[in-house]
Amino acid sequence: MVKRIVHLPQIIHYGKDSFLGVGEEANKLGSKALIVSDRIMEQLGNVQQLHDHLHSADVSYVDYLAWRLSRKIHTSTRRYSC
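Everything quoted here is computed from the prediction, not taken from an experiment. (Residues numbered from 1 in each chain as written. Predicted model: local features only at pLDDT ≥ 70, side-chain atom pairs only at ≥ 80, totals over all residues. Heavy atoms only, no water.)

This part covers the overall build of the protein chain. Assigned secondary structure in the protein chain consists of 3 helices and 3 strands. In the protein chain, the order of α-helices and β-strands from amino to carboxyl end is α-β-α-α-β-β. A burial count over the protein chain gives 21% of its 82 residues as buried. Looking at the protein chain alone, contacts between residues at least 24 apart form 59% of all its contacts between residues at least 6 apart. Entry remark: accessible area of the protein chain is about 7,100 Å², with carbon and sulfur atoms responsible for 55%. (Helix = DSSP H or I, 4+ residues; strand = E, 2+ residues; numbered from the N terminus. Buried < 20%, exposed > 50% of the residue type's maximum accessible area, 1.4 Å probe, protein only. Contact = heavy atoms within 4.5 Å. Areas by Shrake-Rupley, 256 points an atom, 1.4 Å probe, with all protein chains shown as cover.)

Attention now goes to the pattern of salt bridges. Applying the stated criterion across every chain yields a total of 2 salt bridges. Residues E25 and K28 are paired through a salt bridge, measuring 3.3 Å at the closest nitrogen-oxygen approach. Taken together, the residues E25 and K28, both in helix 1 (residues 22–29) and 3 residues apart, mark about one turn of the helix. By relative accessible area, which is 58% here, K28 ends up exposed. (Salt bridge = Lys/Arg side-chain N within 4 Å of Asp/Glu carboxyl O.)

Moving on, we get to a nonpolar patch on the surface. Judged by side-chain polarity, L34, V36 and Y64 come together as a nonpolar surface patch covering roughly 310 Å² of accessible area. As for its position among the elements, L34 is in strand 1 (residues 32–38). Its relative accessible area of 60% is what places L34 among the exposed residues. (Patch = residues over 30% accessible without salt bridge, like charges linked within 9 Å, V, L, I, M, F, W, Y side chains within 5 Å.)

Taken as a whole, the protein chain shows an average pLDDT of 81; of its residues, 80% reach a score of 70 or greater. Confidence, expressed as mean pLDDT per element, reaches its minimum in the protein chain at strand 3 (residues 72–79) with 53 and its maximum at helix 3 (residues 46–56) with 94. (pLDDT = per-residue confidence, 0-100.)

Mapped onto the secondary structure, D63 falls in strand 2 (residues 60–69). Taking the C-alpha atoms as reference points, D63 and D38, separated by 25 residues in sequence, lie 9.6 Å from one another. A polar atom in the side chain of D63 sits 2.9 Å from the side chain of H51. (Polar contact = N/O pair within 3.5 Å; in protein donor to acceptor, adjacent residues only side chain to side chain.)

Here it is in structure tokens:
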């Protein structure tokens, strides 16, 4: 069995307009972010909204967008630069 360690944030923001401060919060943690999401969130515009918030906070990022087809997991990565 493979041992896995997951570090979770100490503070979780939720509720109306909580997404607005994501760039500022990410900037407090560092200068780079890994966005793990799926194609649905991208199609809804949430990933682009996140890009905008991170860009305004001078945080660079890389997307890891995954989707599921035919019981196999297919992944795609795209790089964005700020």
